[in-house]
Amino acid sequence: MATQEDKRVQWKNLRFKPEEYQLLEKRFKKTSFRKLSEYMRSVLLEKPVTVNYRDKAMDDLLEEMILLRQELNAIGNNLNQAMRSINSAHGNADTRLWMNLLSVINTKLEPSISQIKERMNQYADIWSQKLKAVKA
């Protein structure tokens, strides 16, 4: 709980030209602050301001990896659905053939999909560590 001394009781109004406010907003959005008032206090009181630097190429790569992960998950889901469908129609000779075929496909694909996902997670961890280093 904040004591009376910790509370901000002094109030000052500032007026900006539209272009000044746009510049202020643009600079604020590049920081790690959640509130504009926090950012403005830090600037006015000459406290350190952390600016986030974003590498557009890495952002694009990360976005592509996210899409790839979603696609891999969809492939896995489709294989599982096919296996369930075949299992529900058991008894037929064709069904056993399809079940064996899908089982072989699944056995071959599962390690590869897991390996790709693991590698993607490693890249995501490396990228998030780089972001943390830039913020520090």
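**Student:** Can you lay out the confidence of the model for the protein for me, pointing to particular residues and giving the numbers?
**Tutor:** Across the protein, the average pLDDT comes to 79, with 85% of residues at or above 70. Between the elements of the protein, mean pLDDT differs from a low of 75, seen in helix 4 (residues 93-135), to a high of 91, seen in helix 1 (residues 18-29).

**Student:** How would you explain helix 1 if you had to name every residue and give the values?
**Tutor:** Taking 1.5 Å per residue as the helical rise, helix 1 with its twelve residues ought to reach 16 Å, and the 16 Å between its terminal C-alpha atoms agrees with that figure. Listing the buried residues of helix 1 in full gives Leu-24, Glu-25 and Phe-28. The buried residues of helix 1 occupy one face: seen down the axis, they fall within an arc of 100 degrees. The exposed residues of helix 1 that point more than 90 degrees off its buried face are Gln-22 and Lys-26. Buried positions along helix 1 lie against helix 2 (36-44).

**Student:** Report on the packing of aromatic side chains, specifying residues and quantitative values.
**Tutor:** This model, assessed by the stated rule, comprises three aromatic pairs. Residues Phe-28 and Tyr-39 carry aromatic rings whose centres are separated by 6.0 Å and whose planes lie at 50 degrees to one another, so their mutual orientation is tilted. Here Tyr-39 lies in helix 2 and Phe-28 lies in helix 1, a separation of eleven residues in the sequence. As far as the burial class goes, Phe-28 and Tyr-39 line up, both buried. Counting every residue linked through ring pairs, the aromatic cluster contains Phe-28, Phe-33 and Tyr-39.

**Student:** Report on helix 2, specifying residues and quantitative values.
**Tutor:** Where helix 2 is concerned, the buried positions are Leu-36, Tyr-39, Met-40 and Ser-42. Around the axis of helix 2, the buried residues are gathered within 160 degrees of arc, so they sit on the same side. Once helix 2 ends, the next one or two residues include Glu-46, with phi positive near 55 degrees.

What counts, and where the lines are drawn
- Every chain is numbered on its own, with residues counted from 1 as its sequence reads.
- Only residues with pLDDT of at least 70 are given local features in this predicted model, and only at 80 or more are side-chain atom pairs given and counted; all residues enter the totals for whole chains, interfaces and linings.
- Side-chain numbers here rest on the full set of heavy atoms in the structure, without hydrogens or water.
- Confidence per residue, as judged by the predictor, is encoded in pLDDT with a range of 0 to 100.
- Helix and strand definitions follow DSSP, with helices as H or I runs of at least four residues and strands as E runs of at least two, each counted in order from the N terminus.
- Helix span is expected to be 1.5 Å times the residue number reduced by one.
- Three labels apply to residues, based on accessible area from a 1.4 Å probe with only protein chains included: buried if under 20% of the type maximum, exposed if over 50%, partly exposed otherwise in between.
- For this quantity, the arc is that covered by the directions from the helix axis to the C-beta atoms.
- Contacts were defined at the residue level, with two residues in contact if any of their heavy atoms lie within 4.5 Å.
- Centre distance within 6.5 Å is the pairing criterion for rings of Phe, Tyr and Trp, where only the six-membered ring of Trp is used; planes under 30 degrees apart are then read as stacked, over 60 as edge-to-face, and the remainder as tilted.

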